[in-house]
Amino acid sequence: MTIRPPVPVADPKTGDESPSAGSGLQAGLKNRHLSMIAIGGVIGAGLFVGSGSGIATAGPGILLSYALVGVLVVLVMRMLGEMAAANPTSGSFSAYADRALGRWAGFSIGWLYWFFWVVVLAVEATAGAKILEGWIPAVPQWAWALIVMVVLTVSNLASVASYGEFEFWFAGIKVVAIAAFIGVGLLAVFGILPGVHSDTAGLSNLTSHGGFLPNGPGTILTGVLMVVFSFMGSEIVTLAAGESEDPQRAVTKATNSVIWRIAVFYLGSIFIVLTLLPWNSPSITKDGSYVAALDSLGIAHAGQVMNFIVLTSVLSCLNSGLYTASRMAFSLGRRGDAPAAFGRTARQGVPQTAILASVVFGFVAVYFNYAYPDTVFLFLLNSSGAIALFVWLVICFSQLRMRRIIEAESPEKLVVRMWLFPYLTWATIALIVFVLGYMLTDDASGGGRDQVVLSTLVALGVVGIAVLRQRLAARRAKYAVSANQ
């Protein structure tokens with residue numbers, strides 16, 4: 001096996017990917033920031049907003065869909081944790097793919113991931129603007145989207161500590177909200193919630209309305225397609241670790257805790273929804289699963305409370321999306337795969353150009369969402385839809401190679417190890433490929449087939465650019481050698 005020379009790695013103190021540079025990223029994230037980023041990273045707005053349609057499709061069996069995707073995320077995070085604990089860097093899986101699979105792989109997955117989060121910025125800014133416009137209709141929706149984007153841009157430009165502080169509180173609200181929801185729900189299910197009597201709550205809801213799988217076992221896989229993208233974001237902690245006080249400890253802790261985080265926040269909260277009211281209740285799709293569950297208990301102002309929590313999740317996703325996109329662009333700039341300006345940091349230790357470039361493209365996507373929602377923006381959505389699965393696939397293949405490289409160069413850095421290597425890695429690859437294949441059977445407009453096909457076309461285009469760049473660079477190097485002889 002040929003071992004390529006190392007790509008620039010993050011200094012454990014500064015997070016700087018260039019050992020000789022004097023103005024790299026700063027270790028401004030505290031352990032409490034990283035802990036909340038790790039917890040909040042798996043709680044996206046999709047959990048609150050999108051779970052209703054999954055429940056309506058699969059019934060109580062949606063729990064199996066969430067469990068299946070949860071297992072997939074745990075395995076992928078374990079692989080990523082193994083590589084990130086050994087080499088914390090702002091480029092994360094893109095930098096590992098660069099070394100393990102080749103420059104073309106690091107370039108391609110880095111830019112695809114950046115594209116994914118830029119589109120997410122537009123989606124989340126629009127979602128947040130809709131909620132804010134409902135509260136203060138005097139301000140138009142586009143203005144709210146602009147205000148939200150500007151505020152979080154200023155926060156990210158100020159310092160990495162500002163991002164960490166915003167995310168600490170955003171994630172904290174989400175965690176407290178779900179913990180309270182689960183606690184109140186359990187008391188109601190067992191009939192011991194003071195002042196509340198629900199005629200619909202009970203464990204019998206899991207089987208009484210057509211059985212646990214009322215629409216057949218095939219809906220488990222359909223549910224997988226509907227929930228898989230709500231898990232995207234769990235990998236953010238590995239990018240942020242490079243700017244923390246103790247990157248290795250932060251990654252190790254986040255990787256080891258991902259199992260209970262998914263079990264409690266996803267499976268736990270969806271279980272509560274399914275036991276508080278029947279899965280086929282019209283209110284689940286009409287009002288949203290969490291609002292419907294709270295309404296069934298007669299809790300006053302449940303809709304507004306949930307709108308506040310959803311807004312918090314949206315702002316959290318926006319904040320993290322901008323951070324993630326800018327750090328990936330920064331890493332690409334450091335490795336020569338993006339304009340050099342992307343790889344420079346301002347005096348306060350933030351990649352200012354990378355942040356502003358990401359925001360500009362985010363604003364462009366927001367404009368398309370308002371001006372051409374059914375054409376240009378729909379294409380952007382579909383062409384980024386399967387990128388999450390592509391990222392997970394690249395993490396798997398990178399880990400297969402990186403394990404051997406780390407064992408050969410510095411085995412003492414293997415403080416986190418993938419279980420049953422390499423068998424579970426290959427099993428995870430097979431599962432991801434299966435999900436992508438199953439998506440091709442979903443031929444609804446904007447469904448799985450459109451997402452896989454368009455995302456693949458975009459990915460092939462980016463890979464083509466990467467290969468072309470690599471060949472041109474090799475040719476220039478050959479000419480330079482010839483000229484010097």
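Predicted model only: the values in this text are computed from it and were never measured.

About the criteria used
Residues numbered from 1 in each chain as written. Predicted model: local features only at pLDDT ≥ 70, side-chain atom pairs only at ≥ 80, totals over all residues. Heavy atoms only, no water. Helix = DSSP H or I, 4+ residues; strand = E, 2+ residues; numbered from the N terminus. Expected span 1.5 Å × (residues − 1). Contact = heavy atoms within 4.5 Å. Salt bridge = Lys/Arg side-chain N within 4 Å of Asp/Glu carboxyl O. Buried < 20%, exposed > 50% of the residue type's maximum accessible area, 1.4 Å probe, protein only. Polar contact = N/O pair within 3.5 Å; in protein donor to acceptor, adjacent residues only side chain to side chain. Phe/Tyr/Trp six-rings, centres within 6.5 Å; stacked < 30°, edge-to-face > 60°. Core = buried A, V, L, I, M, F, W, Y, C linked by side-chain atoms within 4.5 Å. pLDDT = per-residue confidence, 0-100.

Peer 1: Is there a simple way to explain helix H8 (residues 160–189) in this structure?
Peer 2: Count 3.6 residues to each turn of an α-helix, and residues three or four apart come out pointing the same way. In this model, H8 (30 residues) spans 43 Å end to end at C-alpha, consistent with the 44 Å of a helix rising 1.5 Å per residue. Among the residues trailing H8, Gly191 stands out with phi positive, at a value near 70°.

Peer 1: What is the right way to read the environment of Thr126 from this model?
Peer 2: Within the fold, Thr126 resides in helix H6 (residues 103–135). C-alpha of Thr126 to C-alpha of Trp144: the two residues are 18 residues apart in sequence and 8.4 Å apart in space. Apart from the residues lying within four places of it in its own chain, the contact partners of Thr126 are Gln141, Asn369 and Tyr370.

Peer 1: Mind showing me how you'd approach the pattern of salt bridges here?
Peer 2: Opposite charge on two side chains makes pairing possible when the charged atoms of those side chains draw close. For the structure on display, the rule yields 8 salt bridges. The salt bridge partner of Arg103 is Asp337, with a shortest N-O separation of 2.7 Å. Placement of Arg103 in helix H6 and of Asp337 in the loop between helix H14 (302–334) and helix H15 (352–371) is noted, with a sequence separation of 234 residues between them. By relative accessible area, Arg103 is classed as partly exposed at 30%. A relative accessible area of 5% places Asp337 in the buried class. Glu407 is paired through a salt bridge with Arg403; the nearest N and O atoms lie 3.7 Å apart. Residue Glu407 and its partner Arg403 are both found in helix H17 (residues 387–409); the two are separated by 4 residues, about one turn of the helix. A single salt-bridge network, built from bridges that share partners, covers Asp98, Arg103, Arg335, Asp337 and Arg469.

Peer 1: What am I meant to see in the side chain of Asn205 here?
Peer 2: Within the secondary structure, Asn205 is located in the loop between H8 and helix H9 (218–227). Within the structure, Asn205 has its side chain in polar contact with the side chain of His209 (distance 3.3 Å). With residues up to four places along the chain from it excluded, the contact list for Asn205 reads Pro60, Thr200, Leu274, Thr275, Leu276, Leu277 and Pro278.

Peer 1: Looking at this structure, I do not really get the packing of aromatic side chains. What am I missing?
Peer 2: In this description, an aromatic ring pair is defined by two values, namely the gap between the centres and the angle between the planes. Tallied over the full model, the rule gives 18 aromatic pairs. On the numbers, 4.7 Å between centres and 90° between planes, the contact of Phe93 with Tyr113 is edge-to-face. Remark: Tyr113 occurs in helix H6 and Phe93 occurs in helix H5 (residues 92–100); sequence separation between them is 20 residues. For Phe93, a relative accessible area of 1% corresponds to the buried category.

Peer 1: I'm lost on the nonpolar core in this one. Help?
Peer 2: One recurring pattern in soluble globular proteins: nonpolar side chains tend to sit buried together. Counting residues in hydrophobic clusters, the biggest one holds 156 residues, and the most contacted among them are Phe93, Trp117, Val391, Trp392, Ile395, Ile432 and Leu436. When residues of this core are assigned to their parent elements, the largest contribution, 19 residues, is made by H6. Residues contacting Trp117, with those up to four places away along its chain left out, are Met232, Gly233, Glu235, Ile236, Cys317, Gly321, Thr324 and Ala325.

Peer 1: Got a minute to help me understand the confidence of the model for the protein chain in this structure?
Peer 2: Low-confidence regions, as indicated by low pLDDT, have predicted coordinates that should not be scrutinised in detail. Of the residues in the protein chain, 93% have a pLDDT of 70 or more, and the chain-wide mean is 84. In the model, residues 1–23 has pLDDT below 50 throughout and makes 53 contacts with residues more than four positions away in sequence or in other chains.

Peer 1: Explanation requested: helix H1 (residues 31–40) in the structure shown.
Peer 2: The element H1 is largely enclosed, with a buried count of 7 among its 10 residues. His33, Leu34, Met36, Ile37, Ala38, Ile39 and Gly40 are the residues of H1 that are buried. Summarising the contacts, the buried residues of H1 are in contact with H8, helix H10 (236–240) and helix H11 (247–276).

Peer 1: Where do I start with the environment of Thr456 in this structure?
Peer 2: Note that Thr456 resides in helix H19 (residues 448–484). Between the C-alpha atoms of Thr456 and Gly385, which are 71 residues apart in sequence, the distance is 9.9 Å.

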